[in-house]
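# Observations on chain architecture
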Amino acid sequence: GVCTGKLDMGLGLEKCYETISKAGFTAIDWDIYRGVNLRKPGYEGTYIFEQDLDAVIAHYDEELSCIRKNGLAISQAHTPFPVYLPGHPETVDYCIGVFQRMIEFCDYIGCPNLIVHGICLSLTDFTDSAEDIRRLNLHLLESLIPTLQKYNVTICLENLYVRNDMNFMEGSCSDAGEAIGLIDHLNEKAGRELFGLCLDTGHFNL
């Protein structure tokens, strides 16, 4: 599989997915996270996943047709990020609503995995403690359980890093014990396995 982020290269949808298929790929990580910038105020009202499922399906109909025409499976999709910026907990609640619609859409298109970037400590803003970040992550993820229980979709938490210029710090789920503990907690709360791990080897290397 291959991520579709920035792969259009001005080719247009038809040529983009034809090129992916001809290159030998059989599956994609669909970048449906494009279309919203959570880093800037005023993102409300800009993203297709704020609308009802029928509107989302209509929005992606042409692209989905190109994907299927070229025999590509959708193995996973990504949610928007960052879910939280220091001092802006309202973004977390916005994302909960958006992610719920994305779960519905993934079920509709037969995409089994939806990737979530958890909330991380900041390298430059010390508003939040590690406990604050843990609480925000639990609020985000536990809020998705009722929707996940209705559909055949797994939320996969991605191992992350935090960077400021050339300074790096471990991010959410970068520690194996932390990641496994969080996933086990969520699955126990859900009553079945609805959460897993997306191991990003590039992030792991960093």
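Note: the structure precedes this text.
Overview of the structure. Fair warning: this is a prediction, and the values are worked out from it, not measured in the lab.

### So, the sheet that holds strand 3 (residues 73–78)
Here we have 6 strands laid out as an open sheet, ordered 1-2-3-4-5-8, and parallel in their pairing. Since the sheet does not close on itself, it has two edges, and those belong to strand 1 (2–3) and strand 8 (195–198), each with one partner. The sheet contact formed by strand 3 and strand 4 (residues 113–116) spans 3 bridges and is parallel. Opposite His78, over in strand 4, you have Ile115 as the bridge partner.

### Observations regarding the pattern of salt bridges
Applying the stated criterion across every chain yields a total of 8 salt bridges. A salt bridge links Glu14 to Lys69, with the nearest nitrogen and oxygen atoms 2.9 Å apart. One end of the pair, Glu14, is in helix 1 (residues 13–22); the other, Lys69, is in helix 3 (residues 61–69), and 55 residues separate them in sequence. We classify Lys69 as exposed; its relative accessible area is 62%. Across the pair Arg34 and Asp31 runs a salt bridge, and its minimum N-O distance is 2.6 Å. The class for Asp31 is buried, based on a relative accessible area of 7%. In this structure, a network of salt bridges that share partners links the residues Lys15, Glu18 and Lys22.

### Side note on the layout of surface pockets
Put simply, the largest pocket is a space of about 840 Å³. Residue lining of the largest pocket: 28 residues in total, with Arg39, Pro82, Tyr161, Val162 and Arg163 positioned closest to the centre. The dominant element in the lining of the largest pocket, judged by the number of residues it contributes, is strand 6 (residues 161–164), at 4 residues. Here the residues of the lining of the largest pocket are counted per class, giving 15 nonpolar, 7 polar and 6 charged. Of the voids in this model, the second largest pocket is the one considered here, and its volume is about 280 Å³. Looking at the second largest pocket, it is lined by 15 residues, and the ones nearest its centre are Ala130, Ile133, Arg134, Asn137 and Glu178. At the level of secondary structure, the elements contributing two or more residues to the lining of the second largest pocket comprise helix 5 (130–142), strand 7 (167–170) and helix 7 (176–190). In terms of residue count, helix 5 provides more of the lining of the second largest pocket than any other element does, 5 residues in total. Here the residues of the lining of the second largest pocket sort into 8 nonpolar, 4 polar and 3 charged.

Scoring rules and cut-offs
Positions within a chain are numbered from 1, following the residues in the order the chain's sequence is written. At least 70 in pLDDT is required for a residue's local features to be given in this predicted model, at least 80 for side-chain atom pairs to be given and counted, and no such filter applies to totals for whole chains, interfaces and linings, which use all residues. Only hydrogens and water are set aside; all other atoms, that is, all heavy atoms of the structure, feed into the side-chain values. Any two strands are treated as partners once DSSP identifies two or more bridges connecting them. Every helix listed is a DSSP run of H or I at least four residues long, and every strand listed is a run of E at least two residues long, numbered separately from the N terminus. Counted as salt bridges are all cases of a side-chain nitrogen of Lys or Arg within 4 Å of a carboxyl oxygen of Asp or Glu. Note on exposure labels: buried denotes an accessible area under 20% of the residue type's maximum, exposed denotes more than 50%, and partly exposed covers the range between, all computed with a 1.4 Å probe on protein chains only. Only protein atoms enter the 1 Å grid, on which a cavity is a set of points fitting a 1.4 Å probe that cannot get out and a pocket is an open set with protein on both sides within 12 Å along at least 5 of 7 lines, lining residues being those with an atom within 4 Å of a point. Grid points are joined across faces, edges and corners, and a volume is the space filled by probe spheres set on the points. When residues are grouped by polarity, Ala, Val, Leu, Ile, Met, Phe, Trp, Tyr, Cys and Pro land in nonpolar, Asp, Glu, Lys and Arg in charged, and all others, Gly among them, in polar.

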